[in-house]
Amino acid sequence: MSRYWSPIISQLSPYIPGEQPKVDNLVKLNTNENPYGPSPRVIEAIRGRADDNLRLYPEPTSKGLRETVADYYGLTPEQVFIGNGSDEVLAHTFFAFFQQSRPLLFPDITYSFYPVYCSLYGIDYRTVPLEEDFSVNLGPYTQTNGGIIFPNPNAPTGCLLSLDKIEQLLTQNSDSVVVIDEAYIDFGGDSAVKLVDNYPNLLVIQTLSKSRSLAGLRIGLAMGSRDLIDGLVRVKDSFNSYPIDRLAEAAAVASFEDDSYFKKVCQQVIESREQLNAELQALGFQVLPSAANFVFAHHPKLDALTIAAKLRSEGVIVRHFKQPRVDHYLRITIGTPKHIERLMEVLKRII
Ligand SMILES: *Cc1c(COP(=O)(O)O)cnc(C)c1O
């Protein structure tokens with residue numbers, strides 16, 4: 001608390017990201033980064049743009065990247081919004097659409113940044129309990145609301161909701177903006193982007209941080225009707241006109257252009273996930289079905305915090321959430337086959 005702070009600041013409880021420790025040979029399975037680097041063409045694109053033109057501001061609407069993304073998904077550039085990481089896109093989304101007299105709805109177990117944005121912007125919200133098996137129950141989403149948001153696949157569970165359920169939600173809530181946060185969709189889900197032309201209340205948010213191995217560059221996207229995108233642009237241009245720098249934009253374009261590299265990396269992560277899943281189950285873990293680049297698992301005989309601490313002492317870090325219903329679970333990011341081997345070696349010793 002400081003007497004210099006604006007009053008609202010002392011009431012915030014900021015999001016705490018997973019740690020980024022500087023330890024040699026660490027097996028880092030705690031923040032869902034991609035274990036593989038970006039396409040060589042991405043690195044080349046960054047090098048190619050590291051020149052005198054950096055003295056100039058970037059194109060403020062990221063026009064080139066919006067055109068590339070629009071082409072990739074069969075949209076128009078006016079249906080695409082670019083931000084500095086999807087966390088920034090989410091922040092603008094909460095500000096642009098969810099400050100309503102009716103409460104925002106999201107699941108009780110979900111991305112823990114959502115309540116943080118609500119406290120930042122003074123947004124009233126209700127959480128909707130997931131089912132016992134952590135699947136989404138659509139029933140309560142018919143209650144009066146000023147918006148709906150959840151990740152698909154959900155975080156940190158990895159559970160996927162089908163597109164026909166999402167369409168049902170969009171139809172039942174035509175007066176609210178429904179936001180699908182697709183941070184992990186490329187690891188096995190069907191994107192809701194194909195519904196954008198049919199539902200003016202749908203906003204799909206994606207990131208280049210996970211499946212496209214570019215967490216360090218900070219690039220996020222939103223796709224939706226022109227109406228929604230215009231709303232986001234109004235917020236952006238009242239906040240920061242140039243959210244994406246020249247190098248990040250060049251890298252993002254190159255990433256979408258090298259589709260075969262992207263698909264190969266996603267496929268490798270999916271195969272490793274299925275392998276890890278089977279190996280964890282063989283050790284007695286219960287693992288939720290995941291469509292993401294992580295698994296959410298618990299062991300009926302061992303405390304999650306104890307497992308996490310022992311893994312850590314052996315140089316393997318995973319994520320634990322101190323939250324009712326899931327505090328006996330660990331979220332483990334899918335690493336390379338070598339990372340998984342190391343993880344399993346330590347786990348076998350613990351169990
Ligand atoms: C990782 C993640 C994000 C944030 O991604 P950035 O683009 O790196 O800001 C957003 N939503 C969910 C559900 C995530 O897991």
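Computed from a prediction, not measured in an experiment: that's the story for all the values here.

Draft legend 1. Seen up close, the pattern of salt bridges. For the structure shown, the criterion picks out 11 salt bridges. Among the ionic pairs, D237 bridges to K236, the shortest N-O distance being 3.1 Å. You can call D237 partly exposed: its relative accessible area is 45%. For R273, the salt bridge goes to E274, with nearest N and O atoms at 2.8 Å. Accessibility expressed as a relative area gives 6% for R273, which makes it buried. In this structure, a network of salt bridges that share partners links the residues E314, R342, E345 and R349.

Draft legend 2. Quick look at helix α8 (residues 246-257). An ideal rise of 1.5 Å per residue puts 16 Å on 12 residues; α8 measures up with 17 Å between its terminal C-alpha atoms. Burial analysis of α8 places 9 of its 12 residues in the buried class, the great majority of the element. Of all the positions in α8, only A248, E249, A250, A251, A252, V253, A254, S255 and F256 are classed as buried. Structurally, α8 contributes buried residues whose contacts are with α2 (40-49), α3 (63-73), β8 (220-224) and α9 (259-282). The N-terminus of α8 is capped by D245, whose side-chain oxygen sits 2.9 Å from the backbone nitrogen of L247.

Draft legend 3. The pairing of strand β10 (residues 294-298), seen in detail. Where burial is concerned, most of β10 is hidden: 5 out of the 5 residues are buried. Judged by which residues are buried, β10 turns out to be covered on both faces: F294, F296 and H298 on one side and V295 and A297 on the other are all buried. By the bridge criterion, 2 bridges tie strand β9 (residues 286-287) to β10 in an arrangement that is antiparallel. Directly across from V287, in β10, lies its bridge partner A297. Linkage of β9 to β10, two consecutive antiparallel strands, is achieved through a turn of 6 residues. Strand direction decides the pairing type here: β10 and strand β12 (residues 330-333), joined by 4 bridges, are antiparallel. Bridging from a neighbouring strand, F294 pairs with T333 of β12.

Draft legend 4. Broad picture of the packing of α9 against helix α11 (residues 337-350). For the pair α9 and α11, interaxial distance at closest approach is 10 Å and the crossing angle is 10°. Looking at the two axes, α9 sits roughly parallel to α11. Classified by chirality, the crossing of α11 by α9 is right-handed. Between α9, through Q268, S272, L276, E279 and L280, and α11, the contact on the second element is made entirely by P337, I340, L343, M344 and L347.

Draft legend 5. Expanded view of the domain arrangement of the protein. Annotation of the protein at the domain level lists domain 1 (17-37 + 260-350) and domain 2 (40-257). Computed from C-alpha coordinates alone, the two centres of domain 1 and domain 2 are separated by 25 Å. Across the boundary between the two partners, domain 1 contributes 29 residues, which contact 26 residues of domain 2. Buried surface at the junction of domain 1 and domain 2, summed over both partners, amounts to about 2,100 Å²; 61% is from carbon and sulfur atoms.

Scoring rules and cut-offs
- Residues numbered from 1 in each chain as written.
- Predicted model: local features only at pLDDT ≥ 70, side-chain atom pairs only at ≥ 80, totals over all residues.
- Heavy atoms only, no water.
- Salt bridge = Lys/Arg side-chain N within 4 Å of Asp/Glu carboxyl O.
- Buried < 20%, exposed > 50% of the residue type's maximum accessible area, 1.4 Å probe, protein only.
- Helix = DSSP H or I, 4+ residues; strand = E, 2+ residues; numbered from the N terminus.
- Expected span 1.5 Å × (residues − 1).
- Contact = heavy atoms within 4.5 Å.
- Polar contact = N/O pair within 3.5 Å; in protein donor to acceptor, adjacent residues only side chain to side chain.
- Pairing = 2+ DSSP bridges.
- Axes fitted to C-alpha atoms, helices over the stretch in contact; angles between N-to-C directions.
- Parallel < 35°, antiparallel > 145°, perpendicular 65-115°, else oblique.
- Left-handed = near helix turned anticlockwise from the far one by under 90°.
- Domains from an automatic or database assignment.
- Buried area = accessible area lost by both parts, 1.4 Å probe.

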